[in-house]
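So the chains spell out like this:
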Number of protein chains: 4
Amino acid sequence: MSDNTFGRLFRVTTWGESHGHALGATVDGCPPGVAVSEADLQHWLDRRKPGQSKYTTQRREADAVEILSGLFEGVTTGTPIQLMIRNTDQRSKDYGDIAEKFRPGHADITYWQKYGIRDYRGGGRSSARETAARVAAGGVARQVLAALVPGLSITGYMVQMGARAIDRARFDWDQIARNPFWTPDAQAAADWADYLDGLRKSGNSVGAVIEVTVRGAPAGLGAPIYGKLDTDLAAAMMSINAVKGVEIGEGMGAAALTGSENADEIAMGPDGPVYSSNHAGGILGGISTGQDIVLRFSVKPTSSILTPRRTVTKDGENTEISTKGRHDPCVGIRAVPVGEAMMACVLADHLMRHKAQCGDD
Amino acid sequence: MSDNTFGRLFRVTTWGESHGHALGATVDGCPPGVAVSEADLQHWLDRRKPGQSKYTTQRREADAVEILSGLFEGVTTGTPIQLMIRNTDQRSKDYGDIAEKFRPGHADITYWQKYGIRDYRGGGRSSARETAARVAAGGVARQVLAALVPGLSITGYMVQMGARAIDRARFDWDQIARNPFWTPDAQAAADWADYLDGLRKSGNSVGAVIEVTVRGAPAGLGAPIYGKLDTDLAAAMMSINAVKGVEIGEGMGAAALTGSENADEIAMGPDGPVYSSNHAGGILGGISTGQDIVLRFSVKPTSSILTPRRTVTKDGENTEISTKGRHDPCVGIRAVPVGEAMMACVLADHLMRHKAQCGDD
Amino acid sequence: MSDNTFGRLFRVTTWGESHGHALGATVDGCPPGVAVSEADLQHWLDRRKPGQSKYTTQRREADAVEILSGLFEGVTTGTPIQLMIRNTDQRSKDYGDIAEKFRPGHADITYWQKYGIRDYRGGGRSSARETAARVAAGGVARQVLAALVPGLSITGYMVQMGARAIDRARFDWDQIARNPFWTPDAQAAADWADYLDGLRKSGNSVGAVIEVTVRGAPAGLGAPIYGKLDTDLAAAMMSINAVKGVEIGEGMGAAALTGSENADEIAMGPDGPVYSSNHAGGILGGISTGQDIVLRFSVKPTSSILTPRRTVTKDGENTEISTKGRHDPCVGIRAVPVGEAMMACVLADHLMRHKAQCGDD
Amino acid sequence: MSDNTFGRLFRVTTWGESHGHALGATVDGCPPGVAVSEADLQHWLDRRKPGQSKYTTQRREADAVEILSGLFEGVTTGTPIQLMIRNTDQRSKDYGDIAEKFRPGHADITYWQKYGIRDYRGGGRSSARETAARVAAGGVARQVLAALVPGLSITGYMVQMGARAIDRARFDWDQIARNPFWTPDAQAAADWADYLDGLRKSGNSVGAVIEVTVRGAPAGLGAPIYGKLDTDLAAAMMSINAVKGVEIGEGMGAAALTGSENADEIAMGPDGPVYSSNHAGGILGGISTGQDIVLRFSVKPTSSILTPRRTVTKDGENTEISTKGRHDPCVGIRAVPVGEAMMACVLADHLMRHKAQCGDD
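Residues numbered from 1 in each chain as written. Chains lettered and ligands numbered in written order. Predicted model: local features only at pLDDT ≥ 70, side-chain atom pairs only at ≥ 80, totals over all residues. Heavy atoms only, no water.

**Q** It is not clear to me how the relation of the copies chain A and chain B should be interpreted in this structure. Could you clarify?
**A** Superposition of the two copies of the chain requires a rotation about an axis and a shift along the axis. Mapping chain A onto chain B calls for a rotation angle of 180 degrees and an axial translation of 0.0 Å; the resulting RMSD is 0.0 Å. The superposition of one copy onto the other is thereby described by a two-fold rotation axis. In this assembly, 99% of the residues forming the interface of chain A have copies in chain B that are likewise at the interface, indicating an isologous arrangement. (Least-squares fit on C-alpha atoms with pLDDT ≥ 70 in both. Contact = heavy atoms within 4.5 Å.)

**Q** Is there a simple way to think about the interface of chain A and chain B in this case?
**A** Think of interface size as the accessible area that goes away when the parts come together; that is how it is often given. Chain A puts 105 residues into the contact, and the matching count from chain B is 104 residues. In total, about 8000 Å² of surface goes out of reach between chain A and chain B, with carbon and sulfur atoms giving 58% of it. The three residues of chain A that bury the most area against chain B are Lys-114, Tyr-226 and Lys-244 of chain A, which together make up 12% of that side's buried surface. One can count 5 salt bridges joining chain A with chain B. When the shortest N-O distance is used, the salt bridge between Glu-265 of chain A and Arg-310 of chain B registers 3.0 Å. Summed over the shared surface of chain A and chain B, the number is 57 residue pairs in polar contact (both at pLDDT 80 or more). Here the side of chain A that touches chain B is composed, by residue class, of 49 nonpolar, 38 polar and 18 charged. (Buried area = accessible area lost by both parts, 1.4 Å probe. Salt bridge = Lys/Arg side-chain N within 4 Å of Asp/Glu carboxyl O. Polar contact = N/O pair within 3.5 Å; in protein donor to acceptor, adjacent residues only side chain to side chain. Nonpolar A, V, L, I, M, F, W, Y, C, P; charged D, E, K, R; others polar.)

**Q** Whenever I open this one, unusual backbone geometry confuses me. Can you help?
**A** Trans is the prevailing form of peptide bonds, just as negative phi is the prevailing case for residues other than glycine. The omega angle of the peptide bond from Pro-224 of chain B to Ile-225 of chain B is 10 degrees, so this bond is cis rather than trans. On the secondary structure map, Ile-225 of chain B appears in the loop between strand 10 (208–215) and helix 5 (229–238). Residues other than glycine seldom take positive phi values, yet Trp-182 of chain B does so here, at roughly 50 degrees. With respect to the secondary-structure elements, Trp-182 of chain B resides in the loop between strand 9 (164–165) and helix 4 (186–201). The backbone of Ala-242 of chain D shows a phi angle near 75 degrees, a positive value even though the residue is not glycine. In this structure, Ala-242 of chain D sits in the loop between helix 5 (229–238) and strand 11 (243–248). (Helix = DSSP H or I, 4+ residues; strand = E, 2+ residues; numbered from the N terminus.)

**Q** What am I meant to see in the confidence of the model for chain A here?
**A** Considering every residue of chain A, the mean pLDDT works out to 93; 96% of them sit at 70 or more. Here the predicted complex scores 0.97 on pTM and 0.96 on ipTM. (pLDDT = per-residue confidence, 0-100.)

**Q** Before we go on, may I ask you to explain the packing of helix 7 (residues 332–358) of chain A against helix 7 (residues 332–358) of chain D in this structure?
**A** In a pair of packed helices, the angle between the axes and the distance between the axes together describe the arrangement. The contact between helix 7 of chain A and helix 7 of chain D brings their axes to 8 Å, and the two run at 135 degrees. In terms of orientation, helix 7 of chain A and helix 7 of chain D fall into the oblique class. For the element pair helix 7 of chain A and helix 7 of chain D, the recorded crossing hand is right-handed. Here Met-352, Lys-355, Ala-356 and Gln-357 of chain A of helix 7 of chain A come into contact with helix 7 of chain D, specifically with Met-352, Lys-355, Ala-356 and Gln-357 of chain D. Taken together, the residues that form the contact of helix 7 of chain A with helix 7 of chain D break down as 4 nonpolar, 2 polar and 2 charged. (Axes fitted to C-alpha atoms, helices over the stretch in contact; angles between N-to-C directions. Parallel < 35°, antiparallel > 145°, perpendicular 65-115°, else oblique. Left-handed = near helix turned anticlockwise from the far one by under 90°.)

**Q** Honestly, the sheet that holds strand 1 (residues 5–6) of chain B in this entry has me stumped. Any pointers?
**A** Hydrogen bonds between backbone groups are what pair the strands of a sheet, and the pairing can be parallel or antiparallel. Residues and elements named next belong to chain B. Pairing is antiparallel across the open sheet formed by 5 strands, whose spatial order is 1-2-3-7-4. Each edge of the open sheet is held by one strand with a lone partner, namely strand 1 and strand 4 (65–69). Direction of pairing for strand 1 relative to strand 2 (residues 11–16): antiparallel, over a ladder of 2 bridges. In the sheet register, Thr-5 faces strand 2, and the bridge partner there is Thr-13. Its contacts with the sheet put helix 3 (residues 131–148) on strand 2, strand 3 (22–28), strand 4 and strand 7 (81–86), and the angle it makes with strand 3 is roughly 30 degrees. (Pairing = 2+ DSSP bridges.)

**Q** Any chance you could explain the interface of chain A and chain C here in plain terms?
**A** Of the residues lining the interface, 41 residues belong to chain A; the matching set on chain C comes to 41 residues. Carbon and sulfur atoms supply 61% of the area buried between chain A and chain C, which totals about 2900 Å² over both sides. On inspection of chain A and its partner chain C, the count reaches 2 salt bridges. Among the salt bridges present, the one from Asp-3 of chain C reaches Arg-11 of chain A, with a minimum N-O distance of 3.1 Å. Linking chain A with chain C are 6 residue pairs in polar contact (both at pLDDT 80 or more), by the criterion used here. Mapped onto the side of chain A that touches chain C, the elements with two or more residues apiece are strand 2 (11–16), strand 3 (22–28), strand 5 (71–72), strand 6 (75–76), strand 7 (81–86) and helix 2 (108–115) of chain A. Counted by class, the side of chain A that touches chain C contains 14 nonpolar, 17 polar and 10 charged residues.

**Q** What's the story with the relation of the copies chain A and chain C in this structure? I'm lost.
**A** Structural alignment of chain A on chain C gives an RMSD of 0.0 Å, achieved by rotating through 180 degrees and translating 0.0 Å along the axis. Interface overlap between copies: 100% of the residues of chain A at the interface are likewise at the interface in chain C, consistent with a symmetric, same-surface contact.

**Q** Explain the packing of helix 1 (residues 38–48) of chain B against helix 3 of chain B to me, please; I cannot follow it from the model alone.
**A** Residues and elements named next belong to chain B. Relative orientation of the contacting elements helix 1 and helix 3 amounts to 140 degrees, with a least axis distance of 8 Å. The pairing of helix 1 with helix 3 is recorded here as oblique in orientation. Between helix 1 and helix 3 lies a crossing of right-handed hand. Packed against helix 1, whose contacting residues are Asp-40, Leu-41, Trp-44, Leu-45 and Arg-48, the element helix 3 presents Thr-131, Ala-132, Val-135, Ala-136, Gly-139, Val-140, Arg-142 and Gln-143 at the interface. Classifying every residue of the contact of helix 1 with helix 3 gives 7 nonpolar, 3 polar and 3 charged.

This is the structure we're talking about:
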């Protein structure tokens, strides 16, 4: 991963700022002959789109994706696919106060320290709005996966909001699409609704943990030592705005286990090895085992909050800031489709890498 | 990061297997004129070397590094630096049983699934022995950092063994070098000694959490969006054998915080901004703030244990395995210098990247 | 260089087809604070624009570039710069015959063989129209060079059309902009005008040799062994449509020289070494010497000609083809600004690479 | 291509200096299960080895390659293959004079300008001795090609020495291995023997043109726009020491042709398209057509000659130099196996890239 491009064979380059003319992604290296349409991609973009419920920012963006290149008669040609999303509701004036002051916990100050440029328009390039481009690119990756590995599915969902975790005993895949938090625990959804409403009204925000599970992934994906599947997934998820931790399988909890507890015992099944458990999260030595791939990442609370915080101005004066813009009380909600998109892109990339080195002729 | 190379400008390519002739690292892109000697690198290798205490594998390897190229009259020339470590104590016969059976939780089975090759000699390329090459390369990176950023220091230490975490109130930097666990909490060291001795005698193993802190890092390192400093660090740490989770600053715990709690408030100090706290772990928007960079990673328990576990053979027969080789009861101990080495390499790389894009002429 | 991206630090990704909605380039890694405007870029695009004289294709394209991202208040921000050029005069019907038949000497057939897709609309991605994106990106590179190396100039010009070479004794820098062939030899320009008119009327085409000279380049650019300055320049020029050969300094003619003839003798001048000659073309061991960098490339004749040629259809039937579209009788003319643009991009990239490895702190 | 690594999927990193302990290559990304032995590689190294005839340097190097990693039971494992060649006949004292003075036409001065280091031991990293590592790596690539494309052959040969070109009418594939110049024209070989003997005795040197032909290459290799097959080949050949020009098919001569002359007409044959000619050199739009791939490169005369030339010292004093070491009167001879090796590596890389994007599942 480097600057604004990720992936080695299925390569995505994103561009654009929160309040510029447009933003987008160039998908390069895509296999030819894969069916892709604007509607296919829009389906996923609509899940990330702001203003869907009172729990996300009230900024109104259509987030309509246009495919400018790389398709011919409805299928990919093998040449770069340009995906563009125009910005329509910039309303830059909302950010007046921010033009001079840095938000604590926000990238405002580090972009200024690094580049000497203060693009105050909604966070500029550091805005989570960039993730729309990832979701569009992820939609292309999903079409590739559908063509190459028909049974594979990628599902993201929230497993913790603030200190409130779901109860795994109530886990229900069918609940995920039925609540604004993409959580598989209906009771947690109800609880969180009240909790987040309170935070939202007080102008505060809160963090979350997102889990992404891949079912039907083939064994053999991943290129040790530095192109391990989990290495690339860790990078992919950590690159998402506000993410501060990434876990595979047992994750940080693996520290607490003994070797005998942690061993996923193996037996021979009709279609290959089957495992007694999945502490590994479907990856051993950086290569997929064929079990479910299970990954989690934490999202910190939005830094744009009403509560006044001490900070400094661009000119180095001490001051206070209280951010009045239209922000997400729990940005983790909209990180769910973003995590899925990154997973799709990494898998598409690794499928191609595996084919190159180990595929049959 | 890709296959066996990591870094974009300060690039490290490692090679070699656990029980082959030798292993090593090629360091490419190093600035010229930096003083580097075999003794400089050996210092760090000796920290990772097996057989140092009863808590690490009893395999006896000198881990003596030879510099085959890239130096002239004691300084780097700007051309590739080849670092070679010969294997001396291979004792392949120890691994007889493993030649046919897969260890649960080990990369044996996935390398077989991916490559169709069963290099049973001590795990082959998937062995943690590969990390010696990283430590040697990290030694070069440390010399570069010493030349470019004099005040910078990198310190790794263990903060949790099994379920037993250190008490932060007892944190003492000076303790780290004084116990076999590289922990800053002397009391934890004593407690872990007993605990690990018991596990070792019973042929079991346990996980750990390692923390790495960088003091004196400059602000401005990191290249958003996909070359963020934390993105590259997450990848670097996740690529280490047995690592299952990576955290920056509050890490997974960031989920439990509200925006007002998580904000590191800013005030103007004599040398630039100062912060009331460091929830961010020294990185905002993927760019270093100038605060301490704080990172943690979990290491799962070694999968080579005496306790018999169900598994399958290469030929697909169900069986049991109990591994009698010379293994680490807590491989996390030797992961401490490896984590430091990866940190050094990532920082050297990002310093060069920053200089390229934003440096003065 | 890989697929649709070139450069390592100053990275350009181009996208788009001849007859799609638009085409463009993403410039990533650009230093911040560099003044760039659409007018700056348009200046160079207008030189490549079709329909400027009767010697280039009569397709009418405004080739107006829009900057969609990466600027703030007139300067670069260090984030990706998206450059888009809309297609306006596609007139796809001109290409009716080509939809089924392959043009001898054209990429039609190999794209079909590789991808199994027949995007007949004006050559699709293989069209020389793609080079507009390079020229736009080269305009950004020129601004970077102007900021970093004030005295540097890049000048491309035609030194041969068909078998007719210029007379070096008549070389006059001031003539280059005064004739439609960008040639420094006024007499050759007059001669070529007649010659090309004849070819154009008969529906034939002809090749050319372009030379690019860089004056004021600093010594020290280039990263041996595989990132040599001449290596990257050879790749950059060979990637241009229709280019079949690249030469540095004496080029292919170096074969005919003896060692004593080829040696550029060195003496000490007031500002460093001065050379008795420049057989090397300003590059030794892949690193610039500080002399003029001199490079040539050949451009084959356009394959779209009126003269009937035997060929096959998509379905494998033998047939004949005669191409009636609006094509360039000597596409080498419009390759001049493209060669300059590639040179600018490679130099900007190597300046940044040199700064990273060898720059002062 | 970047610094000391080339290739995207079949990746070669070379290291080492002319007079250091050893030099070598790391081959990463190689498909697993390919038979490779030291004897396979030695076969090609022996062709490049110095001291084979009176027409090459009299330095005596065994150039014995050792495989340190990446093989198990005689086949590749998919992990990095380390190839090491020890230096045995360094005799550094030969270079005494060179320690202080720069050879005109040699990389001595630019390495000094770039890195500020003067590794005078036989040219250090810039020595053509580095090409031994390429030939070893090329040997691995040949094994991969033999496994993937059985009928493919790569043959390099000299077509011009000084101003003396072969007569194509006398071209005989069988002659190539029968003379010290690897030329297909027996009469040219006899002529060159006398010519070069005279140059050698007078302490002078001369340039050459090498041609490399690939027979049996499949159609479809190459990844436009910036990863074209000819783009990568141009870079690969230009990276070889002393190369100043690269041509594909008609090369620089394409400029002199008209469109009707240059068109390789197409007809349908029993196994796909057949062509009336091969002006294109087997590549159209950057993708192989299935015809022979034909490439040429020029090699300038060795700069280490007895004839005294004016130059400067490291300290900036004007002086003269006359090089008395053991040098090649026509270094182009030993460039033949190097050109073949680079061709093999580029083809192996592109076969894997093609398989990744367009291969069947």
